[in-house]
Each structure stands twice: as C-alpha cells, then as structure tokens.
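Structural overview for review
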Amino acid sequence: MALIALASPILTKEYSNSKKSGRDIVLVIDTSGSMQQGHFDEKNPMKNKFDVVKEVASDFVTRRENDRIGLVTFADVAFVSSPLTFEKEFLAKIITMQKLGIAGQKTAINDALVHSYAMLEHSQSKSKIVILLTDGIDNMSKVSVEDVTNLIAISDIKLYTIGIGDTRDYDGRSLKAFAKAGEGEAFAASNSAMLHEIYSKIDALEETKIDDKKVVQHVYLFVYPLFLAILSLLLFIYFRVMGGSK
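Since we're looking at a predicted model, the values are computed, not measured.

Take the overall build of the protein chain next. Scanning the protein chain from terminus to terminus reveals 8 helices and 8 strands. Relative to its length of 246 residues, the protein chain is extended, with a C-alpha radius of gyration of 31 Å against a globular reference of 18 Å. Taking the principal axes of its C-alpha atoms as reference, the protein chain extends roughly 115 × 40 × 25 Å. A buried classification covers 41% of the 246 residues belonging to the protein chain. Here the analysis covers contacts within the protein chain between residues at least 6 apart in sequence; of these, 80% occur between residues at least 24 apart. As presented, the protein chain carries roughly 14,200 Å² of accessible surface, and 57% of it is formed by carbon and sulfur atoms. In the protein chain, 29 side chains carry a positive charge and 31 a negative one; their mean positions are 10 Å apart.

Laid out in structure tokens, this is it:
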C-alpha cells in the first residue's frame, strides 16, 4: 500500500466549457411586384426571384444556430414580419409564408432600413447586422436617402446590401453607399447560384465565435493506499506488542 501511495495514482476528468457569442441579425427582403420576374434560377426557369430568395433566406436562417434573427419585408410600406428570435424553425416558416404584393407593388428601401435599425436599437448583442436584399429602386419611402445614410453611419450596426437581377433594375450606387456607411459590403446577384454564394459568404464573414476551453480536474488518490498502509503498520505493531507481552 505504501508503494502504491508513492506511485501517486490520479483520477483525471476533463470538462468542456464552451462560450458561444451569437449575433443579432435582421433580414430585409423586397416583396414588390418586380420580384415576380422569372428565369432567375437556371435549373428551374419557372421559379421567380422571390421563390429563390425565400429558399436562400430560409437556408441562411437554419445555419445561424446561435444567433437571433428578425425579418423586415417591404414594398409600398415596410413592416416587421418577425421580431428577433432564436426560434429558427418558426422564422423559416414565416419566410416561406411571405407573399408577393403583400405590402404593395412599389419599393420603400429607406423606410425598410429605418425599421430594421429600430429593431436593433436596444439590442445588447456586441455584433448587430442588417442584410438588405432588393431588385428595385426606391420610389415610395418617406425617409430621404440623406437621412437614412446618416442613420447608418452613426450606428454600430453593420450593413450588407444585395442587388438581384439585372443591374439596370436596381440602384447599385446607392446600395454601395449604404454598405460603405454601414462598414459592410455590397453584392450583386444575377442568378440563384450567385445569390446562394453571397449568403454563404456573409455567413462565413460573420462566423459565430466559439471559445472552447477544456478544464482538467485531477483527483489525487494516494491518500487511500497511504491510509491503509499506516493502518496496517499500526495493526502490525499492536499485534506484535500484544504477542510479546504474552
């Protein structure tokens, strides 16, 4: 027992302490009449732009496991279709339920951005992101370009903009200016494959940080054989003394 105690047996346990830092993200999606245009998906020309956008946005949502995501849709008017939520299945359903023309036929990009920034105004997340997608030029907003650009510039929210379809259909210059003010990037997609690639790129750029620390706990077991060794020694001495006294 003394020799085992000197060998110092150890029981080792490992614990994983993962800290995941999620983001608050608002998707801003155009539901105006122009999104009905077909031939956006090369594999299925019958799909219109809006059908493809809903598929890609739903896929993006399901991949962001640790983030809260909200949805703003716009056309003549802009409104919150879903508040920020961790319920990805619920949000994916909300996205698939969106209908063209539900908010009108025209385009209110500036108003939609104001709504999305208002959603994130009281967010406590360290990382806040807005992803704007449109295929048109603003022709219905009550908020001016200058005002919304100033709002973007003074905010700590990162902005990505995506123009889809023919470059003549949307105002690429304004989308680039918005993205620059929001310290993000501006993208353009002329087909579904490019749109998938853009959302994948944004997903990679805004990867959720995971701080995975391993904690190792050591339990020293030498005390048990040492106790038995001392007890055995004391018993040996006791019986030796008792035997000698007889």
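Turning to the sheet that holds strand 7 (residues 186-189), a few remarks are in order. Read from one edge to the other, the open sheet built from 6 strands follows the order 4-3-2-5-6-7, with strand pairing classed as mixed. Each edge of the sheet is formed by a strand with only one pairing partner; in this case those strands are strand 4 (78-85) and strand 7. Going across the sheet, the axis of each strand differs from the next one's by a mean of 15°, ignoring polarity. Here 4 bridges tie strand 6 (residues 158-164) to strand 7, and the two strands are oriented parallel to one another. The partner of Ile162 across the bridge, within strand 7, is Phe187. Against the sheet, helix 3 (residues 88-97) engages strand 2 (24-30), strand 3 (68-74) and strand 4, with an angle of about 160° to strand 4.

A few words now on the side chain of Asn48. Secondary-structure assignment places Asn48 in the loop between strand 2 and helix 2 (49-63). A distance of 3.0 Å separates a polar side-chain atom of Asn48 from the backbone nitrogen of Phe50.

Let's shift gears to the nonpolar core. If you look at the biggest cluster of nonpolar residues, it comprises 29 residues, and the most contacted ones within it are Leu27, Ile131, Ile162, Ile164 and Leu195. Among the elements of the structure, strand 2, helix 2, strand 3, helix 3, strand 5 (128-134), strand 6, strand 7 and helix 7 (192-205) are those that each provide at least two residues to this core. Excluding anything up to four places from it in sequence, Ile164 contacts Met35, Phe40, Lys49, Val53, Leu133, Thr134, Asp135, Tyr170, Ala189 and Leu195. If you look at the next biggest cluster of nonpolar residues, it comprises 22 residues, including Tyr117, Met119, Val130 and Leu175.

With that out of the way, let us pick up the pattern of salt bridges. In total, this model carries 13 salt bridges according to the counting rule given. Between Glu206 and Arg23 there is a salt bridge whose closest N-O contact spans 3.0 Å. In this pair, Glu206 sits in the loop between helix 7 and strand 8 (209-220) while Arg23 sits in the loop between strand 1 (10-21) and strand 2, placing the two residues 183 residues apart along the sequence. Accessibility expressed as a relative area gives 10% for Arg23, which makes it buried. Of the charged contacts in the structure, one is a salt bridge between Asp67 and Arg64, with a shortest N-O distance of 2.5 Å. Each member of the pair, Asp67 as well as Arg64, carries the same accessibility label: buried. What emerges from the salt-bridge pattern is a single network uniting Asp59, Arg63, Arg64, Asp67 and Asp203.

Cut-offs used in this document
- Residues numbered from 1 in each chain as written.
- Predicted model: local features only at pLDDT ≥ 70, side-chain atom pairs only at ≥ 80, totals over all residues.
- Heavy atoms only, no water.
- Helix = DSSP H or I, 4+ residues; strand = E, 2+ residues; numbered from the N terminus.
- Rg over C-alpha atoms; globule rule 2.2 N^0.38 Å.
- Buried < 20%, exposed > 50% of the residue type's maximum accessible area, 1.4 Å probe, protein only.
- Contact = heavy atoms within 4.5 Å.
- Areas by Shrake-Rupley, 256 points an atom, 1.4 Å probe, with all protein chains shown as cover.
- Lys, Arg positive; Asp, Glu negative; His and termini not counted.
- Charge placed at Lys NZ, Arg CZ, Asp CG, Glu CD.
- Pairing = 2+ DSSP bridges.
- Axes fitted to C-alpha atoms, helices over the stretch in contact; angles between N-to-C directions.
- Polar contact = N/O pair within 3.5 Å; in protein donor to acceptor, adjacent residues only side chain to side chain.
- Core = buried A, V, L, I, M, F, W, Y, C linked by side-chain atoms within 4.5 Å.
- Salt bridge = Lys/Arg side-chain N within 4 Å of Asp/Glu carboxyl O.

None of the figures reported here should be taken as evidence of function without further support.
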